[in-house]
Amino acid sequence: KNQVEQSPQSLIILEGKNCTLQCNYTVSPFSNLRWYKQDTGRGPVSLTIMTFSENTKSNGRYTATLDADTKQSSLHITASQLSDSASYICVVSAIDSSNTGKLIFGQGTTLQVKP
Amino acid sequence: KAGVTQTPRYLIKTRGQQVTLSCSPISGHRSVSWYQQTPGQGLQFLFEYFSETQRNKGNFPGRFSGRQFSNSRSEMNVSTLELGDSALYLCASRLLRANTEAFFGQGTRLTVV
């Protein structure tokens, strides 16, 4: 069964600190993995995309890693800011035989950055 | 270019009523998917439309239905509303079904009282 699990479920950190969010998946056949940021009451916005051959990708203070062997990904946030307070959703895509991209969503990690 | 537009943004309905939500995808995008998001449940897939045809359906009762028009705009309908239908309903558009980047709208916050 295709599944995406994220941890922790929620996290509280102080402004300026770093944090790492985890995503474990059992999705086959794997196409790519995206991290989305969702501010409260708004739609998710894509932060990064990781394909099978990529290990690390950065987007400003966000750095995503992918270990395709262990089927794990992480999202590292450096020097957190109050505006980083949001839910972070890991989405894994599988391409089936009809060339359809099926999206499997994790439950998300809610991050709260306190001053 | 304009993003995904969902209307209305907020809606309050009473139990037993029905509601219709609208989603206009990014221009040129042909795939529209709908999701229900409630606290602690994450995004639950409702259905996907492509070229005016429902291609995939999640595990929701028949009270939830949708359709897609020739201009790719989509509507979602929920009949006989229940308190548990209160949620943020998100629409996502993709250029093609094979594309894996989904662009989300701002959502419609539905409250059933």
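In short, a report on the structure.

Quick notes on the rules
Residues numbered from 1 in each chain as written. Chains lettered and ligands numbered in written order. Predicted model: local features only at pLDDT ≥ 70, side-chain atom pairs only at ≥ 80, totals over all residues. Heavy atoms only, no water. Helix = DSSP H or I, 4+ residues; strand = E, 2+ residues; numbered from the N terminus. Rg over C-alpha atoms; globule rule 2.2 N^0.38 Å. Buried < 20%, exposed > 50% of the residue type's maximum accessible area, 1.4 Å probe, protein only. Contact = heavy atoms within 4.5 Å. Areas by Shrake-Rupley, 256 points an atom, 1.4 Å probe, with all protein chains shown as cover. Pairing = 2+ DSSP bridges. Axes fitted to C-alpha atoms, helices over the stretch in contact; angles between N-to-C directions. Salt bridge = Lys/Arg side-chain N within 4 Å of Asp/Glu carboxyl O. Disulfide = S-S within 2.5 Å. Buried area = accessible area lost by both parts, 1.4 Å probe. Polar contact = N/O pair within 3.5 Å; in protein donor to acceptor, adjacent residues only side chain to side chain.

Attention shifts here to the overall build of chain B. Broken down by element type, chain B carries zero helices and eleven strands. Tracing chain B from N to C terminus, the helices and strands come up as β-β-β-β-β-β-β-β-β-β-β. Computed over the C-alpha atoms, the radius of gyration of chain B is 13 Å, within 12% of the 13 Å expected from 2.2 N^0.38 for a compact globule of 113 residues. Along the longest, intermediate and shortest principal axes, the C-alpha atoms of chain B span 35 × 25 × 25 Å. For chain B, the residues scored as buried account for 49% of the 113 residues in total. Within chain B, contacts between residues separated by at least 24 positions form 54% of all contacts whose residues are at least 6 apart in sequence. Element-wise, carbon and sulfur atoms account for 48% of the exposed surface of chain B, whose accessible area totals about 5,300 Å².

With that settled, consider the sheet that holds strand β8 (residues 72–77) of chain A. Residues and elements named next belong to chain A. Across the sheet, five strands lie side by side as β1-β3-β8-β7-β6; this open sheet has antiparallel pairing. Unpaired on one side and paired on the other, β1 (3–7) and β6 (56–59) mark the two borders of the sheet. For this sheet the average axis-to-axis angle between neighbouring strands, irrespective of direction, equals 15°.

Using the criterion set out here, one finds nine salt bridges over all chains in the structure. Between Asp39(A) and Lys37(A) there is a salt bridge; the shortest N-O distance is 4.0 Å. The class for Asp39(A) is partly exposed, based on a relative accessible area of 31%. The network of salt bridges with common partners includes Arg63(B), Glu82(B) and Asp85(B).

Turning our eyes to something else, we now look at the state of the cysteines. The tally for this structure, following the rule as stated, stands at two disulfides over all chains. Covalent S-S linkage joins Cys23(A) and Cys90(A), the inter-sulfur distance amounting to 2.0 Å. One quick way to see it: the torsion about the S-S bond of Cys23(A) and Cys90(A) is about -65°, and its sign makes the bridge left-handed. Of this pair, Cys23(A) sits in strand β3 (residues 19–26) while Cys90(A) sits in strand β9 (residues 86–95), and the two are 67 residues apart along the sequence. Side by side, Cys23(A) and Cys90(A) carry an identical accessibility label, which is buried. Cys23(B) shares a disulfide with Cys91(B); S-S distance 1.7 Å. Residues Cys23(B) and Cys91(B) are joined by a disulfide whose S-S torsion is about -45°; by sign, that bridge is left-handed. In this pair, Cys23(B) sits in strand β3 (residues 19–24) while Cys91(B) sits in strand β9 (residues 87–94), placing the two residues 68 residues apart along the sequence.

Accessible area lost during the coming together of the parts is what is often quoted as the interface size. Listed as interface residues are 19 residues of chain A and, on the opposing side, 19 residues of chain B. Together, the buried faces of chain A and chain B total about 1,600 Å²; carbon and sulfur atoms form 47% of this surface. On the chain A side of the contact with chain B, Leu103(A), Phe105(A) and Gln107(A) bury the most area, a combined 27% of that side's loss. The interface formed by chain A and chain B includes one salt bridge. Between Arg34(A) and Glu101(B) there is a salt bridge, with its nearest N and O atoms 3.7 Å apart. Between chain A and chain B we count four residue pairs in polar contact (both at pLDDT 80 or more) in total. Listing elements by their share of the side of chain A that touches chain B, those giving two or more residues are β4 (30–38), β9 and β10 (101–105) of chain A. The dominant element in the side of chain A that touches chain B, judged by the number of residues it contributes, is β4(A), at five residues.

So, to be careful, I would describe these as geometric facts and stop short of saying anything about function.
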